[in-house]
Amino acid sequence: MQLPRLVDAALDRLVVPGYSRLGYVARRAGWSALPSGCLAGRTILVTGASGGLGAATARGLAALGARVELVVRDRARGEQARDAIRADRPGAAVDVAECDVSSLADVRRYAAEVRDREAAVHGLVHNAGVMPPERTETADGHELALATHVLGPFLLTRELRPVLRAGASPTSPSRVVFVSSGGMYTASLPTDDPEFRSGTYSGGAAYARTKRMQVVLAELLADDLASDGIVVHSMHPGWADTPGVASSMPGFHRVTGPLLRTDEQGADTAVWLQAAAEAGHSTGVFWHDRAPRPTHYLPRGAETPQARAALWTLCVDATGGER
């Protein structure tokens, strides 16, 4: 039996019960199982897939029959993740490809390789993430969290537009999913200083800011790609017990450990968004635990049209694209 909407909303607003494994368990009871083999014949790329949520997303997609490409910075770790999936599910179609999403040159190289070898791509999951302990710039001169969470995914999505378009059909659109974070609720869209050059740098703040940017960017890309049969969504996984959380936020991990979700529970909605019919009937929506969620708790927090336009201009100018 599905949770009543008011109860579900209350769990979401109270944060701890909704984001922890308690919320997942309570909501899961009302979910329908995804049909076995429902992703057969579909090729889906997952960034940051050597461990944590990315690897769990890949496992979930492979279990539904998808051919999955693990897009990783470290090939050795990617191959370990691939081998683990194949051991758990013999016959799973899982490949590994190297790409540093924070490097615009590497994104272009990888996208060109995909276009050359794939007639169509049906799904893309932007999961690669970082929480830098100090401000670091990429070779392109961009702050690392911004490059990894926003600029690289924007460029990769646009560079893969032809094969994503080819993977779409009138009844089954191609799907792009951004793995954001509930931490984005604590941040506003940083239009004045998106590169975090001013003030005291904080990895946690950079993470939250760029996760907010991802949610807005997903909405903007949804409009941009709609005519190509490509839907774009964003989601947050709740509080999941991943290696990244343990290393980047040890205090949070220590206090909340018993309440944290498994990585499979955190990845569930990303998998569902690639497979469920409901997610193909909408675009530009922010999800958590298979349900649409508000992007702001307070109406006055909504981004202005000017701020949204500034984010789009930032992405286009930084990646040398067309507006």
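Residues numbered from 1 in each chain as written. Predicted model: local features only at pLDDT ≥ 70, side-chain atom pairs only at ≥ 80, totals over all residues. Heavy atoms only, no water.

- Looking at an unreviewed UniProt entry, the protein chain carries the name SDR family NAD(P)-dependent oxidoreductase, with the source organism given as Actinomycetospora aeridis.

**Here's the deal with the pairing of strand β2 (residues 67-72)**
Here's step 1: Most of β2 sits out of view: five of its six residues are buried.
Here's step 2: When strand β1 (residues 43-47) meets β2, the two strands line up parallel, connected through five bridges. Residue Thr-43 lies in a different strand from β2, and its bridge partner there is Arg-67.
Here's step 3: Of the crossover connections in this fold, the one passing from β1 over helix α4 (residues 52-63) to the parallel β2 is right-handed.
Here's step 4: Both β2 and strand β3 (residues 94-98) contribute to a ladder of five bridges, which runs parallel. Each bridged residue has a counterpart across the sheet, and for Val-71 the counterpart in β3 is Ala-97.
Here's step 5: You can see the chain leave β2, run along helix α5 (residues 75-88) and come back into β3, and the turn it takes is right-handed. (Buried < 20%, exposed > 50% of the residue type's maximum accessible area, 1.4 Å probe, protein only. Helix = DSSP H or I, 4+ residues; strand = E, 2+ residues; numbered from the N terminus. Pairing = 2+ DSSP bridges. Right-handed = clockwise from strand over helix to strand, strands pointing away.)

**Structural notes on the side chain of His-288**
Here's step 1: Tracing the backbone through its elements, the reader meets His-288 in strand β7 (residues 286-288).
Here's step 2: Assessed through its relative accessible area of 1%, His-288 is described here as buried.
Here's step 3: At 3.5 Å, the side chain of His-288 and the side chain of Arg-261 are in polar contact.
Here's step 4: Polar side-chain contacts of His-288 include one of 3.4 Å to the side chain of Asp-289.
Here's step 5: Leave out the neighbours within four places in its chain, and His-288 touches Asp-12, Gly-18, Tyr-19, Arg-27, His-236, Pro-237, Gly-238, Arg-261, Thr-269 and Arg-293. (Polar contact = N/O pair within 3.5 Å; in protein donor to acceptor, adjacent residues only side chain to side chain. Contact = heavy atoms within 4.5 Å.)

**Thoughts on helix α3 (residues 21-28)**
Here's step 1: Those residues of α3 that fall on the buried side of the exposure criterion are Gly-23, Tyr-24 and Arg-27. Buried residues of α3, viewed axially, fall in a sector of 100°; they line one side.
Here's step 2: Next to the buried residues of α3 lie α1 (5-14), α2 (16-19), α12 (263-275) and β7. (Arc of directions from axis to C-beta.)

**Topic: the packing of helix α7 (residues 144-159) against helix α14 (residues 305-319)**
Here's step 1: Where α7 contacts α14, the axes come no closer than 10 Å and their chain directions differ by 75°. Taken together, α7 and α14 sit at an angle that is classed as roughly perpendicular. Where α7 abuts α14, its residues Leu-146, Val-150, Leu-151, Phe-154, Leu-155 and Arg-158 lie against Leu-311, Trp-312, Leu-314, Cys-315, Val-316, Ala-318 and Thr-319.
Here's step 2: Classifying every residue of the contact of α7 with α14 gives eleven nonpolar, one polar and one charged. (Axes fitted to C-alpha atoms, helices over the stretch in contact; angles between N-to-C directions. Parallel < 35°, antiparallel > 145°, perpendicular 65-115°, else oblique. Nonpolar A, V, L, I, M, F, W, Y, C, P; charged D, E, K, R; others polar.)

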